[in-house]
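Summary of the model geometry
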Amino acid sequence: MNKILPFAFVLVAAGFVGCGSGGDDGNAGVGGSAGAGGGSATGGRGGRVDGVIDCAWLEGPQNCWQAAVDEAYASCAVPSSTEGYFGDQYLSCAYPNGDTDVYGSNSHPLDAAGNGHDDFYVEATRGGTPCFTFEAPTPSLGGSSGVWTLTTKSGTVTYSYDSAGISIQCPNGSTFAASGVPFAMLFTCPTKQYPGGVEAIPFPGFAVSQSKFNFMPSSQNDKGDSLTNCTCAPPEPPDGGGLPPPAPGCPSI
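One structure accompanies this document, and this report is about it. (Residues numbered from 1 in each chain as written. Predicted model: local features only at pLDDT ≥ 70, side-chain atom pairs only at ≥ 80, totals over all residues. Heavy atoms only, no water.)

What follows is about the overall build of the protein. Within the protein, the secondary structure is distributed over three helices and 18 strands. For the protein, with 253 residues in total, the buried portion stands at 47%. Surface summary for the protein: the accessible area is close to 11100 Å², and the carbon and sulfur share equals 54%. (Helix = DSSP H or I, 4+ residues; strand = E, 2+ residues; numbered from the N terminus. Buried < 20%, exposed > 50% of the residue type's maximum accessible area, 1.4 Å probe, protein only. Areas by Shrake-Rupley, 256 points an atom, 1.4 Å probe, with all protein chains shown as cover.)

Structure representation (structure tokens):
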């Protein structure tokens, strides 16, 4: 069993030189809650906070971040048996059924130069309509403060964090936050069991690997499906043997 230690803002992100199908393993892990400058993440609309984030809130129906993540998996997940293929510079991925993923210019899941991610953006279209959009701009990745947004058909959830604590604004405009002692107490919350044998406190997080994007701490849904599943080259070699050429922008195999 894999157990994620109780660090807030669990973030797994990595840039890979190689490309291919396969699992999500081998990612580099980054956590963040160290001191940072700037404003506090714990204020809502004009400083208004509608409730406190505590262990019960993380597990309860008011946790709109988890509700949005669940909605994304329910309507957007790619079956584990299905692969899409990266386009030029890894900025898009096309699936056999016509579904697509589009990545931001600085956030492709693979980086042939090994430069990693400056920020992250992914938009998934399923059945011809937008399914979810996730954005974590600089300095969110591995930084000590930042803002993430997750948009589904139900609306946008905004997750903010800094050295003072965390806040989550729900699609209906309500804001929940934790700072000081309540924030420190989140690190003592009970862990949950997630698909893939993961045991973790349910803090927001996400993972990027050589082929897949998922929210954390669960790296897949209960069927083993991921939110994206892309590779660089078709699995079957062309007639005459040998490996097929890589898709435009993908590194040679």
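Further remarks concern the sheet that holds strand β12 (residues 165-169). Across a sheet, paired strands are connected by hydrogen bonds in the backbone, their directions being either parallel or antiparallel. Pairing is mixed in the open sheet, where 11 strands are placed in the order β4-β13-β12-β11-β10-β9-β8-β7-β6-β5-β18. At either margin of the open sheet sits one strand with a lone partner, and together these are β4 (51-52) and β18 (230-231). Two strands pair when backbone bridges link them, and β4 and strand β13 (residues 175-179) are joined in this way by two bridges, in the parallel orientation. Along β13, the bridge assignment pairs Val 52 with Ala 177. (Pairing = 2+ DSSP bridges.)

Before going further, it helps to examine the pattern of salt bridges. Counted according to the given criterion, the structure contains two salt bridges. Lys 192 serves as the salt-bridge partner of Glu 59, at 4.0 Å between the closest nitrogen and oxygen. Of this pair, Glu 59 sits in helix α1 (residues 55-59) while Lys 192 sits in strand β14 (residues 192-194), and the two are 133 residues apart along the sequence. The partly exposed category is assigned to Glu 59, whose relative accessible area is 43%. (Salt bridge = Lys/Arg side-chain N within 4 Å of Asp/Glu carboxyl O.)

Moving on to helix α2 (residues 64-76). Compared with an ideal rise of 1.5 Å per residue, which puts 13 residues at 18 Å, α2 spans 17 Å between its outermost C-alpha atoms and is within 8% of the ideal. Every buried residue belonging to α2 is among Cys 64, Trp 65, Ala 68, Val 69, Ala 72, Tyr 73 and Cys 76, and all of these are buried. Sitting at the head of α2, Asn 63 places a side-chain oxygen 3.3 Å from the backbone nitrogen of Trp 65. (Expected span 1.5 Å × (residues − 1). Polar contact = N/O pair within 3.5 Å; in protein donor to acceptor, adjacent residues only side chain to side chain.)

The next point concerns the packing of aromatic side chains. Inspection of every chain in the model, using the stated rule, returns 23 aromatic pairs. Ring centres of Phe 132 and Phe 213 lie 6.1 Å apart, and the angle between their planes is 15°; on these two criteria the pair is classed as stacked. Of this pair, Phe 132 sits in strand β9 (residues 129-136) while Phe 213 sits in strand β17 (residues 213-216), and the two are 81 residues apart along the sequence. Across the pair, Phe 213 and Phe 132 agree in class, each one buried. A centroid spacing of 5.5 Å and a plane angle of 80° characterise the contact between Phe 183 and Phe 187, whose relative ring orientation is edge-to-face. The structure contains a cluster of three or more aromatic residues connected by ring pairs, namely Trp 65, Tyr 103, Phe 120, Phe 132, Phe 134, Trp 148, Tyr 159, Tyr 161, Phe 206, Phe 213 and Phe 215. (Phe/Tyr/Trp six-rings, centres within 6.5 Å; stacked < 30°, edge-to-face > 60°.)

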